[in-house]
Amino acid sequence: MSAAQQAGIGPKRSKREPVDVAERKPEDKRLDQLLHMRKQRLGRFERERNEARERWRGSRAALRKIKQSWQQALRQAKQQWMEARQQFLSMVITSGEFRRAKAAYERMKKEAAQLYLDCREQLQRSRQAGGEFFTACRRMLEASRQQEKLTVMRDEIRALARAGED
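A brief report on the enclosed structure follows. (Residues numbered from 1 in each chain as written. Predicted model: local features only at pLDDT ≥ 70, side-chain atom pairs only at ≥ 80, totals over all residues. Heavy atoms only, no water.)

In this model helix H2 (residues 30-89) runs 87 Å from its N-terminal to its C-terminal C-alpha over 60 residues, within 8% of the 88 Å that 1.5 Å per residue would give. At the exit of H2 stands Met 91, carrying a positive phi of roughly 60°. (Helix = DSSP H or I, 4+ residues; strand = E, 2+ residues; numbered from the N terminus. Expected span 1.5 Å × (residues − 1).)

All chains considered together, the criterion is met by eight salt bridges. For Glu 46, the salt bridge goes to Arg 49, with nearest N and O atoms at 3.9 Å. One end of the pair, Glu 46, and the other, Arg 49, are both in helix H2, three residues apart, so they sit about a helical turn from each other. By relative accessible area, which is 18% here, Arg 49 ends up buried. Through salt bridges with shared partners, a single network forms among Asp 32, Arg 154, Asp 155 and Arg 158. (Salt bridge = Lys/Arg side-chain N within 4 Å of Asp/Glu carboxyl O. Buried < 20%, exposed > 50% of the residue type's maximum accessible area, 1.4 Å probe, protein only.)

For the rest of this paragraph, the subject is the packing of aromatic side chains. This model, assessed by the stated rule, comprises seven aromatic pairs. Centre to centre, the rings of Trp 81 and Tyr 105 are 5.0 Å apart; their planes meet at 20°, and the pair counts as stacked. A residue pair is termed long-range when its members are at least 10 positions apart, and Trp 81 in helix H2 and Tyr 105 in helix H3 (residues 95-165) qualify at 24 residues. When sorted by exposure, Trp 81 lands in the same class as Tyr 105, which is buried. Taken together, the ring pairs in this structure connect Trp 81, Phe 88, Phe 98 and Tyr 105 into an aromatic cluster. (Phe/Tyr/Trp six-rings, centres within 6.5 Å; stacked < 30°, edge-to-face > 60°.)

In structure tokens, the structure reads:
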């Protein structure tokens, strides 16, 4: 080094230029964020499906219960009527008792008819709950397929990026 350069006079000594090394690109996290969001949605769909299943099971149990009470009411009405007829025909009861038995039978028939209507209403609710359950199942299946496709796509993109680095 010359004295002039040491004193800071004159052109500066040349510095070595660093070797250009390609900086590593930051990984794109958008697909991972999308997968995370979709996973949360999938969890929500699963909860909704499970809740719909429980509602459907509950409505089917209620339907079964009301159907059994309707059938039992019908059996009791028929049995009471058959006994009253048998007693009247064998002349065990009077015509007044027979009329009272007939009126009781008519009331029992009306109660059974009301139970039948309640049964039909519960059947509609049960069918609707079943439809909601199967809709939730389809939604869950579709979301699961989309999640799987996105996962495969992310893995392929990462594999291609690794192969490009080599």
